[in-house]
Amino acid sequence: MNNQKIRHLIEPEDFTLEELNEVVALGKKMYEAPTEYKRACEGKILATLFYEPSTRTRFSFETAMLRLGGSIIGFSDANTSSVSKGESIADTIRCMSAYADIAVMRHPKEGAPKLASHYASIPIINGGDGGHQHPTQTLTDLLTIKMYKETIEGHTVAFCGDLKFGRTVHSLIRTLARYNTKKFILISPEELTLPDTLKRSLKEDFDVELQEARYIEDVISEIDILYMTRIQKERFFNEADYARLKDCYLLNQSKLSHAKKDMIVMHPLPRVNEIAYDVDDDPRGVYFKQAELGVYARMALITKLLGVDVSC
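Cut-offs used in this document
Residues numbered from 1 in each chain as written. Predicted model: local features only at pLDDT ≥ 70, side-chain atom pairs only at ≥ 80, totals over all residues. Heavy atoms only, no water. Helix = DSSP H or I, 4+ residues; strand = E, 2+ residues; numbered from the N terminus. Rg over C-alpha atoms; globule rule 2.2 N^0.38 Å. Buried < 20%, exposed > 50% of the residue type's maximum accessible area, 1.4 Å probe, protein only. Contact = heavy atoms within 4.5 Å. Lys, Arg positive; Asp, Glu negative; His and termini not counted. Charge placed at Lys NZ, Arg CZ, Asp CG, Glu CD. Core = buried A, V, L, I, M, F, W, Y, C linked by side-chain atoms within 4.5 Å. Salt bridge = Lys/Arg side-chain N within 4 Å of Asp/Glu carboxyl O. Polar contact = N/O pair within 3.5 Å; in protein donor to acceptor, adjacent residues only side chain to side chain. Phe/Tyr/Trp six-rings, centres within 6.5 Å; stacked < 30°, edge-to-face > 60°. Pairing = 2+ DSSP bridges. Axes fitted to C-alpha atoms, helices over the stretch in contact; angles between N-to-C directions.

**Q** How do you make sense of the overall build of the chain when you look at a structure like this?
**A** The number of helices and strands found in the chain is 10 helices and 9 strands. Its C-alpha atoms give the chain a radius of gyration of 19 Å, near enough to 20 Å, the size a compact globule of 312 residues would have. Looking at the 312 residues of the chain, the share that counts as buried comes to 57%. Pairs at least 24 apart in sequence give 75% of the contacts found in the chain among residues at least 6 apart. Within the chain, one finds 40 positive and 45 negative side-chain charges whose respective centroids are separated by 3 Å.

Here it is as C-alpha cells:
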C-alpha cells in the first residue's frame, strides 16, 4: 500500500460524482482493452469475506482481481471460518488486514461493512449489507447505462419488484438522483414500496418526480430504463406473504411490445420468475451483459482504492 489515506466504499455517496465518472470511464476502457491491465495488481491480494450467499458479486470480484494479475483469499460461507466459533467482525478484519491488501465483505446485517471499515487498515468494499446498500452493483449499473444509453443523465427510470428490501434499488436510485434524473417510476405491490424515508429524502434532497404504479403495463411506454428485481424470499419472515407476492410481476414479450424500441431492461440477478425467457433474445434485455460488465466496474474500483497507476 502507498501512504495515501485509506479509502473505503461502503455506500455510493462515499465517492463524488467526479470519482464515480472516473470509475465508469476506466471500467469502459478495461472492457475495451482488458489485456492492457493484466499486471496492474500483480502482487496484490483481495480478501473476499462473504457471510451471505453470492454468485455474481463474489465471482466477479475474484475474476476482476485475477484479470488484474492479483490473487484472492477468503470464504464464501462464514461457517467455514472462525465466525462459526464466535469471532467478531472487528477481530476478523484486523487479521485480514495483515493477510490482504483490500477486502470485499457481504453480510446479512446492515452496517456490518461500515463497522469493519473502522477496524481495517486496508480498503473495505461493501459487497451488500442486508437490505441496505450495494454500491458495487451501482457502479456496474452506471457502466451498463453508459454503454447502452451513452449518458447517465436525463432518463426516465423505472424500478419494478421489491423496492422495500432491494439494496440494489436503494443504492442506485439515490445515485441516479445525484445525476439529475428527474423522474422515477416505482412499480411494486403495496407491501414492497420504496421506504418512506428514502422517498422523502429523494424529494427533499434532489427534487425528483416520483410516480408510483402497481402494474408494468400501465407505464411501460414511458420508460427509458426498466430495472427489474426479484421478490426476495430471504428478506421475509412470513412464508405466506412471500408466496402471495412472489409472482406479482412478470415481464414478457407481450408487455415489451408496448415499450420504446431503445428502452433497456436491467436486472441485478439472480432472476427467479420476474422476466420471461422470451425476453432474453430481445436486444433490450441487457441483464446478462450487465453481469459481465460488473467484472470491469470492479476492476476499475479495485485499482482506484489501491491507488494503482493504470494510465495507459
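**Q** Explain the nonpolar core to me, please; I cannot follow it from the model alone.
**A** It is characteristic of soluble globular proteins that their nonpolar side chains tend to be buried jointly. Membership of the largest hydrophobic core comes to 57 residues, with the highest contact counts inside it found for F159, L176, F184 and L202. The element best represented in this core is helix α10 (residues 287-306), accounting for 10 residues. Each residue touching L176, except ones within four places of it in the same chain, is listed here: L142, I145, I152, V157, F159, T181 and F184. V219, I220, Y249 and L256 belong to the second largest nonpolar core, which has 20 residues in total.

**Q** It is not clear to me how the side chain of D101 should be interpreted in this structure. Could you clarify?
**A** Topologically, D101 is positioned in the loop between α3 (89-99) and β3 (102-107). Buried and unpaired, D101 has K44 as its nearest opposite-charge partner, separated by 4.5 Å. For D101, the side chain forms a polar contact with the main-chain nitrogen of I45, separated by 2.7 Å.

**Q** Explanation requested: the packing of aromatic side chains in the structure shown.
**A** Between two aromatic rings, the relevant description is the distance of the centres plus the angle of the planes. Across all of its chains, the model carries 5 aromatic pairs by this definition. Centre to centre, the rings of Y31 and Y296 are 5.4 Å apart; their planes meet at 80°, and the pair counts as edge-to-face. Of the two residues, Y31 sits in helix α1 (residues 17-32) while Y296 sits in helix α10, which places them 265 residues apart along the sequence. Among the residues examined, Y31 registers a relative accessible area of 24% and is labelled partly exposed. Its relative accessible area of 6% is what places Y296 among the buried residues.

**Q** Could you clarify how one ought to interpret the pattern of salt bridges in this entry?
**A** Pairing is possible between side chains that carry opposite charge, provided their charged atoms lie close to one another. On inspection of all chains with the given rule, the structure shows 19 salt bridges. Note that R58 is salt-bridged to E62, the shortest N-O span being 3.4 Å. Taken together, the residues span about one helical turn, with R58 and E62 both in helix α2 (residues 56-67) at a distance of 4 residues. In this structure R58 comes out as buried when scored by relative accessible area, which is 15%. Two residues, D91 and R94, come together in a salt bridge whose shortest N-O distance is 3.2 Å.

**Q** What's the story with the sheet that holds strand β2 (residues 71-75) in this structure? I'm lost.
**A** Two orientations exist for strands paired in a sheet by backbone hydrogen bonds: parallel and antiparallel. Pairing within the open sheet is parallel, and its 4 strands lie in the order β2-β1-β3-β4. Strands with a single pairing partner mark the edges of an open sheet, and in this sheet they are β2 and β4 (124-129). On average, adjacent strands in this sheet sit at an angle of 15° to one another, irrespective of strand direction. Of the strand pairs in this sheet, β3 and β4 are connected by 4 bridges, and their pairing is parallel. When the sheet's bridge partners are listed, H107 is paired in β4 with D129. Sheet strands in contact with helix α4 (residues 112-119) are β3 and β4, and its direction is about 160° off that of β4.

Limitation: the analysis is restricted to geometry and does not speak to function.
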